[in-house]
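Observations on the model geometry
Each chain, written out:
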Amino acid sequence: MIATRLLTGLALAAATLSAVSLPSAAQAATPATPAAAGDADSAAAPAVIWGPRYSPGRGAKASGSLRATGEDHADIPAAETVRISGRVQDLTRASATCGLAVFRITYRTSDGNLPFTHRTVRDCSYGTPKPFTFDHRNVYQVELKVCSEARAAQPSLNCLYSGTWKILYLSR
């Protein structure tokens, strides 16, 4: 009887402790932002390292870093500037194939809307990674998809719309 009460009490204490110390599912699914919430000066925030991320079938690889500065925590939070740097690499030996890192950048407009734009970095040379760096302003969210496909002017609809976008940055 005493042993049963002791075990029940220990189980209750363990459940309470795990509920307090573990982050919620929403927090665990959200990637870390470069600046801690409540930071008055996010200009000195460290870069968040992402990758390597691979395309389905591992025909391409991308990795890099992201730095958000000047986060604004208004009704729709956004970073003043996001700088994304990295490398994309074609891992196939076929000369007609390219590795693509496609970024979907959701930004805040002056009227409060949240449209998005795509930014694509392409590498079509096997064994030689292509470095890139670009900035975007008023950024709410940055997502990434890595694809390996035939040379073309734009990413295919299959690349853009099948599979899952990986969140690199989400303003809080």
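This text goes with the structure placed above it.
Keep in mind it's a predicted model, so treat the numbers as computed, not measured.

**Thoughts on the pattern of salt bridges**
- On inspection of all chains with the given rule, the structure shows two salt bridges.
- Here aspartate 135 ties to arginine 83 by a salt bridge, and the two come within 2.7 Å at their closest N and O atoms. Remark: arginine 83 occurs in strand β3 (residues 78–90) and aspartate 135 occurs in strand β6 (residues 130–150); sequence separation between them is 52 residues.
- For arginine 83, a relative accessible area of 43% gives the class partly exposed.
- For arginine 104, the salt bridge identified is with glutamate 143, shortest N-O distance 2.9 Å. Placement of arginine 104 in strand β4 (residues 97–107) and of glutamate 143 in strand β6 is noted, with a sequence separation of 39 residues between them.

**Side note on the side chain of serine 171**
- With respect to the helices and strands, the residue serine 171 is situated in the segment after β7 (166–170).
- Not counting the four nearest positions on each side in its chain, serine 171 is found in contact with Glu71, Pro77, Ala78, Ala79, Val139 and Tyr140.

**Notes on the packing of aromatic side chains**
- Enumeration according to the criterion identifies four aromatic pairs in this entry.
- Between tryptophan 50 and phenylalanine 103, the ring centres sit 5.9 Å apart and the planes meet at 80°, which makes this aromatic pair edge-to-face. With tryptophan 50 in strand β1 (residues 48–54) and phenylalanine 103 in strand β4, the pair connects residues that are 53 residues apart, well separated along the chain. Like tryptophan 50, the residue phenylalanine 103 is buried in the burial classification.
- One residue, arginine 104, lies across the ring of phenylalanine 116, its end atom 5.6 Å from the ring centre.

Basis of the calculations
Residues numbered from 1 in each chain as written. Predicted model: local features only at pLDDT ≥ 70, side-chain atom pairs only at ≥ 80, totals over all residues. Heavy atoms only, no water. Salt bridge = Lys/Arg side-chain N within 4 Å of Asp/Glu carboxyl O. Helix = DSSP H or I, 4+ residues; strand = E, 2+ residues; numbered from the N terminus. Buried < 20%, exposed > 50% of the residue type's maximum accessible area, 1.4 Å probe, protein only. Contact = heavy atoms within 4.5 Å. Phe/Tyr/Trp six-rings, centres within 6.5 Å; stacked < 30°, edge-to-face > 60°. Lys NZ or Arg CZ within 6 Å of the ring centre and 35° of its normal.

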